[in-house]
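Fold and geometry: a report
Residue-level listing of the chains:
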Number of protein chains: 4
Amino acid sequence: MEEIQTSTVRGRGRPRSDESQRAILDATRALLEERGLADLTIEDVAQRAGVGKTTIYRRWPTKGTLAFEAFAADFLSRQPLPDTGSLRGDFYAALMSWIRAVKGTSTGRTLVGLIAEVQRDLELADIWKEKFVKPVRAQHHLMIERAVERGEVDETIDTDIIVDLLFAPAYHRLLQTHLTMNTRFAHALVDAVLNGVSSRGAER
Amino acid sequence: MEEIQTSTVRGRGRPRSDESQRAILDATRALLEERGLADLTIEDVAQRAGVGKTTIYRRWPTKGTLAFEAFAADFLSRQPLPDTGSLRGDFYAALMSWIRAVKGTSTGRTLVGLIAEVQRDLELADIWKEKFVKPVRAQHHLMIERAVERGEVDETIDTDIIVDLLFAPAYHRLLQTHLTMNTRFAHALVDAVLNGVSSRGAER
Amino acid sequence: MEEIQTSTVRGRGRPRSDESQRAILDATRALLEERGLADLTIEDVAQRAGVGKTTIYRRWPTKGTLAFEAFAADFLSRQPLPDTGSLRGDFYAALMSWIRAVKGTSTGRTLVGLIAEVQRDLELADIWKEKFVKPVRAQHHLMIERAVERGEVDETIDTDIIVDLLFAPAYHRLLQTHLTMNTRFAHALVDAVLNGVSSRGAER
Amino acid sequence: MEEIQTSTVRGRGRPRSDESQRAILDATRALLEERGLADLTIEDVAQRAGVGKTTIYRRWPTKGTLAFEAFAADFLSRQPLPDTGSLRGDFYAALMSWIRAVKGTSTGRTLVGLIAEVQRDLELADIWKEKFVKPVRAQHHLMIERAVERGEVDETIDTDIIVDLLFAPAYHRLLQTHLTMNTRFAHALVDAVLNGVSSRGAER
DNA sequence: GCGTAACCGAGACGGTACGTCCCGTCTTGAT
DNA sequence: ATCAAGACGGGACGTACCGTCTCGGTTACGC
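Residues numbered from 1 in each chain as written. Chains lettered and ligands numbered in written order. Predicted model: local features only at pLDDT ≥ 70, side-chain atom pairs only at ≥ 80, totals over all residues. Heavy atoms only, no water.

1. Describing the overall build of chain A
Going by this rule: For the purposes of this entry, the term helix denotes a DSSP run of H or I that reaches at least four residues, the term strand denotes a run of E that reaches at least two, and both are numbered from the N terminus. Taken over C-alpha atoms, the radius of gyration is set against a globule rule of 2.2 Å times the number of residues to the power 0.38. Exposure categories follow from relative accessible area, calculated using a 1.4 Å probe and restricted to protein chains: below 20% of the type maximum is buried, above 50% is exposed, and the middle band is partly exposed. Contacts are assigned to residue pairs with any non-hydrogen atoms lying within 4.5 Å of each other. Here the Shrake-Rupley method, with its probe set to 1.4 Å, supplies the accessible areas, and only the displayed protein chains count as covering residues. His is not counted here, nor are the chain ends, while Lys and Arg score as positive and Asp and Glu score as negative. Charged groups are reduced to one reference atom each: NZ for lysine, CZ for arginine, CG for aspartic acid, CD for glutamic acid.
On a plain count of helices and strands, chain A comes out with 9 helices and 0 strands. Ordering the α and β elements of chain A from the N terminus gives α-α-α-α-α-α-α-α-α. Against the globule reference of 17 Å for 204 residues, chain A gives a C-alpha radius of gyration of 21 Å, more extended than a compact globule. Taking the principal axes of its C-alpha atoms as reference, chain A extends roughly 75 × 50 × 25 Å. Across the 204 residues of chain A, 49% fall into the buried class. Taking all contacts inside chain A whose residues are at least 6 apart in sequence as the whole, residues at least 24 apart take part in 65%. For chain A, the accessible surface area stands at approximately 10700 Å², while carbon and sulfur atoms represent 50% of it. The averaged location of the 29 negative side-chain charges in chain A is 5 Å from the averaged location of its 28 positive side-chain charges.

If you want it as structure tokens, here you go:
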């Protein structure tokens, strides 16, 4: 009979406790909800989880990486790749499910906090790009590739620019809080991205 | 003839020292350059400026508000409103002078740090919106209004969306560092904003 | 005709304000009552008296000297030289009026605070010895001199020792708070000072 | 057989470091010698001892309690209970060893500083009475009890008064610095305590 | 009656120490 | 080898007062 085995070799001594792992992530989520990433301390997480600080540091080097893990799975699972048959439909659906996930939610506040934290934590920055930015953008690229296949978009287009055009304004409003995000915003944004802003309708 | 008078009366005691004010802002700029906002300490600023900590706290409630003041004047003065005669030209010029100001510069690092700080300092958030976001966007709106007058853009368009479309991708790349910013990026972005991304050439 | 003249020449310029002087001493007394000498600050006195800090520093170099002046006149006026006709009576009367002045009173707490302050303020120490210890002891010496004249005490005796014997235990209990002071204590102390503690009744 | 166990359980985490404890007390003693209790800073002690401030605060709530511990053991060990066979001899010996310990010494300055500090620190006041006044007085009471057994002193006498009579004048002179302490003072004081000051020699 | 000098209240100044918070590491005995 | 507990050295925080200085303004004297 084969022993089930995690990817890292079993090693000697006492194995790491799954229970502690869970308790830490739960405590992190609770504290993130209560006071946000900026006011989160490892000390508080340890106390709330009933765990020694070393047990946390053994697994996550900084509070950013810990918060990221508590945040990522939840968030990503709520951003399914839409498939409505048109680029306009896909864009609108993706944008709205993003807005729903972050607007006025603790998830949104944590997202904001993580983006802030990424700027001061190099270790976290790597994880962020690899485990968050990259997979999310990969999904968005898929939407565009399907549109290219359908002939909705020229195949010569710079797809990175398109992804930025759609989501950067959303992130911008989330961070700068200068303007709200609602269905009106989503529609206007999708329209502008697809059609551009110059009034060339007539002469074409 | 009545003397015009500022709203606050002269105030009685010893007036605040302009020299200290200057020394504090200079020290802040120097330290911002040396180690960035995240590692900036009020204590260090005070010591470098040859000033008591209270003299700083008397003027700025948090290190964010202090850093903002040290940053804003410089930055804003380097973002002149372009007037090239076309929207495409104005957009490109504005984008490029922004990129030049922030890419690989201490100013850029400070801008990033401030956006991060804004997320954790309510007092700073207000100042940020009032003294930074609002005046910068006012300039950008001007560019578009001139384009509307020239007939380059429909007057029905949502100008807030346009401003976001142009600059949000730039801020996005600055913060997420997932892609670089260069002239190629600027051209592609301006094109996309003006023309949209859908291949409507044929059917129109 | 001689002009009556305070020791310091009148000088030019605006004379010091008696009203401020009074306000400062009153505020000092009030704050001494409220929170004691240890927690008294010049800043608080100035604010309470409606006076600038410099106005205080111009008159008193330290909070000890200020507190002393607020304390001394009051206290000394309540320590009249008794004259009962016997040393025992005088001792008892002097002791009891001292106990009444300090036991459980704000005056007593201030006296204690001043003795503590004298240990850390050289300027105050000089004033204390000159303006407090010396005049008080002079009075006590008088009591003893009268007793010598009456033949109650040998003229060879060291009167400094006697003064200490009577009052040092009282100060000691005030400062160490190890034992209370009451009429029983006063009687026992006076008896012991006059008769000594050795049981010499038999052999004499 | 049951294991005898101290009242407090062993405690779980890392035990407090004896080495730090020692370093702190040594640094305190050195600084007390250099500049006295009034100018002693917890910050300086921490730096001199190579220790964090919290390590000090964890053990002693105030600088008074810290200084007391640095002072007490040393001082008390130098005040042995004399046993010369007579009360006069014991009194004189006890008084002189006290004078030798405090007159012109850093120990004496610290004693003075502590008595001042006791007046402003309630926590310290309790410790002072329990760990200093009480044991010292217990010793002195012993001297008197032995004298009672030898018949030198009436058993009806108030021994608290006697202890005060002997030592209060010494403390008084230490604090008021109005008069010096020397062998002449010690002899005169012991004489006066034993014989009283009234000239009853004749009529007895 | 004008100038000047010392005073006044207010409050900012450079500075020191406070006592607290949290960091990331370490040292226990116990799994 | 890992666990919970909790002490460790360290760095910065924001506050409280210190004693001094700098304003505009007041009050008296001596010319």
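What follows continues from the structure just given.
2. Quick look at the relation of the copies chain B and chain A
So the rule is basically this: Residues below a pLDDT of 70 in either copy are left out; the C-alpha atoms of the rest, at least 70 in both, set the least-squares superposition of the copies.
If you rotate chain B by 179 degrees and push it 0.0 Å along the axis, it lands on chain A with an RMSD of 0.3 Å. Here the copies are linked by what is in effect a two-fold axis. Of every C-alpha in chain B, the one belonging to B:G196 sits nearest the axis of rotation, 1.6 Å from it. Comparing contact sets, 100% of the residues at the interface of chain B also lie at the interface in chain A, consistent with an isologous, same-surface contact.

3. A few points about helix α7 (residues 122-150) of chain B
All names here are of chain B. Put simply, the rule is: Expected span of a helix, by definition, is 1.5 Å for each gap between consecutive residues, and there is one gap fewer than residues. To get the bend at any residue, fit one axis to the seven residues that end at it and another to the seven that begin at it, then take the angle between the two axes. Polar contacts, as counted here, are pairs of nitrogen or oxygen atoms within 3.5 Å of one another; within protein the pair requires one atom able to donate a hydrogen and one able to accept it, and residues that are adjacent in sequence qualify only if both atoms are side-chain atoms.
With 29 residues, α7 extends 41 Å from end C-alpha to end C-alpha; this agrees with the ideal 42 Å at 1.5 Å per step. Its axis deflected by about 35 degrees at W128, α7 carries its strongest bend there. The residue sitting at the N-terminus of α7 and contributing the capping side-chain oxygen is D121; that oxygen lies 3.2 Å from the backbone nitrogen of E123. G151, located one to two residues past α7, shows a positive phi value of around 80 degrees.

4. Notes on the protein's contact with DNA strand E
To keep it simple, the criterion reads: Consider each residue's heavy atoms; a residue with any of them within 4 Å of a molecule or strand counts as near. Side-chain classes follow a simple rule in which Ala, Val, Leu, Ile, Met, Phe, Trp, Tyr, Cys and Pro form the nonpolar group, Asp, Glu, Lys and Arg form the charged group, and the remainder, Gly included, forms the polar group.
Residues in contact with DNA strand E amount to 44 residues; listed here are only the nearest, B:R58, C:T55, C:R58, D:T41 and D:Y57. A share of 67% is what sugar and phosphate atoms reach among the atoms of DNA strand E within 4 Å of the protein. B:S17 has a polar backbone atom sitting 3.1 Å from a phosphate oxygen of DNA strand E. Side-chain polar atom of B:S20 to a phosphate oxygen of DNA strand E: 3.1 Å apart, as the coordinates give it. Elements with a contribution of two residues or more to the surface near DNA strand E: α2 (42-49) and α3 (53-59) of chain A, α3 (53-59) of chain B, α3 (53-57) of chain C together with α2 (42-49) and α3 (53-59) of chain D. Looking at the surface near DNA strand E element by element, the count peaks at 4 residues for α3(B). For the surface near DNA strand E, a count of residues per class yields 7 nonpolar, 19 polar and 18 charged.

5. Concerning the interface of chain D and chain C
As a reminder of what qualifies: Reported buried area values correspond to the accessible surface (1.4 Å probe) lost by two parts on association, with both partners' losses combined. The salt bridge definition used is simple: a Lys or Arg side-chain nitrogen within 4 Å of an Asp or Glu carboxyl oxygen.
The partner chain C presents 47 residues to the 46 residues of chain D that form the contact. For the pair chain D and chain C, the summed buried area comes to about 4300 Å², and 59% of that belongs to carbon and sulfur atoms. Remark: the boundary between chain D and chain C carries 4 salt bridges. For C:D164, the salt bridge identified is with D:R173, shortest N-O distance 2.7 Å. The interface formed by chain D and chain C contains 14 residue pairs in polar contact (both at pLDDT 80 or more).

6. Some details on the relation of the copies chain D and chain C
Placing chain D over chain C gives an RMSD of 0.3 Å and needs a rotation angle of 179 degrees, together with 0.0 Å of translation along the axis. The residues that chain D uses at the interface reappear at the interface of chain C in 100% of cases, marking a shared surface.

7. Quick notes on the arrangement of the chains
In this assembly chain A lies apart from chain C, the nearest approach of their C-alpha atoms being 34 Å. Across the gap from chain A to chain D, with no contact made, the nearest C-alpha atoms are 10 Å apart.

8. Concerning the interface of chain B and chain A
With 46 residues of chain B in contact, the opposing surface of chain A contributes 47 residues. At the boundary of chain B and chain A, one finds 4 salt bridges. Viewed at the interface, chain A and chain B are joined by 14 residue pairs in polar contact (both at pLDDT 80 or more). At the level of secondary structure, the elements contributing two or more residues to the side of chain B that touches chain A comprise α6 (106-118), α7, α8 (159-176) and α9 (183-195) of chain B. Of all the elements, α8(B) adds the most residues to the side of chain B that touches chain A, at 12 residues. Broken down by class, the residue content of the side of chain B that touches chain A amounts to 22 nonpolar, 11 polar and 13 charged.

9. Re the packing of aromatic side chains
Residues and elements named next belong to chain C. Our working rule: Pairing of aromatic rings covers Phe, Tyr and Trp, the last counted by its six-membered ring, and requires centre-to-centre distances within 6.5 Å; plane angles under 30 degrees mean stacked, over 60 mean edge-to-face, and any other angle means tilted.
Counting across every chain of the model gives 24 aromatic pairs over all chains. Taking 5.8 Å as the distance between ring centres and 75 degrees as the angle between the ring planes, the aromatic pair formed by F68 and W128 counts as edge-to-face. Placement of the pair is F68 in helix α4 (residues 63-77) and W128 in helix α7 (residues 122-150), with a sequence separation of 60 residues. Taking relative accessible area as the criterion, W128 reaches 1% and is therefore assigned buried.

10. Quick word on the protein's contact with DNA strand F
Neighbouring DNA strand F are 45 residues, the closest being A:T55, A:R58, B:T41, B:Y57 and D:R58. Expressed as a percentage, the sugar and phosphate content of the atoms of DNA strand F within 4 Å of the protein is 68%. Here a phosphate oxygen of DNA strand F and a backbone polar atom of A:G52 are 3.1 Å apart. Take B:R14: an N or O atom from its side chain is 3.0 Å from a base oxygen of DNA strand F. When residues of the surface near DNA strand F are traced back to their parent elements, those giving at least two are α3 of chain A, α2 (42-49) and α3 of chain B, α2 (42-49) and α3 of chain C together with α3 of chain D.

11. Topic: unusual backbone geometry
The phi dihedral of A:T177 falls on the positive side, at around 50 degrees, and the residue is not glycine. Secondary-structure assignment places A:T177 in the loop between α8 (159-176) and α9 (183-195).

12. Focus on the pattern of salt bridges
Side-chain pairing between opposite charges can occur once the charged atoms of the two side chains come close. Taken as a whole, this structure holds 60 salt bridges over all chains when the rule is applied. Here C:K53 and C:E43 are joined by a salt bridge, their closest N and O atoms 2.7 Å apart. Taken together, the positions of C:K53 in helix α3 and C:E43 in helix α2 put the pair 10 residues apart, joining distant regions of the chain. One connected set of salt bridges, linked through shared partners, spans A:E34, A:R35, A:D44 and A:R48.

13. Regarding the confidence of the model for chain A
For clarity, the cut-off: Here pLDDT means the predictor's own confidence in every residue, given as a number from 0 to 100.
When pLDDT is averaged along chain A, the result is 90, and 90% of the positions lie at 70 or above. Counting interchain partners and residues more than four positions distant, the pLDDT-below-50 stretch residues 1-8 of chain A has 1 contact.

14. Describing helix α5 (residues 87-102) of chain C
An α-helical turn contains 3.6 residues, so a residue and the one three or four places further along point in the same direction. All names here are of chain C. An ideal rise of 1.5 Å per residue puts 22 Å on 16 residues; α5 measures up with 23 Å between its terminal C-alpha atoms. Of the positions making up α5, those classed as buried are L87, D90, F91, A94, L95, M96, S97, W98, I99, A101 and V102. Those residues of α5 hidden inside the fold are in contact with α4, α6 (106-118), α7, α8 (159-176) and α9 (183-195). Looking one or two places after α5, you find G104, whose phi comes out positive at around 70 degrees.

15. Notes on the environment of B:I24
Residue and element names in this part refer to chain B. With respect to the helices and strands, I24 occurs in helix α1 (residues 18-35). Distance in space between the C-alpha atoms of I24 and T55 is 9.1 Å, their sequence separation being 31 residues. For I24, the residues in contact, after removing those within four places along its chain, are V45, A49, V51, T55, I56, W60 and L66.

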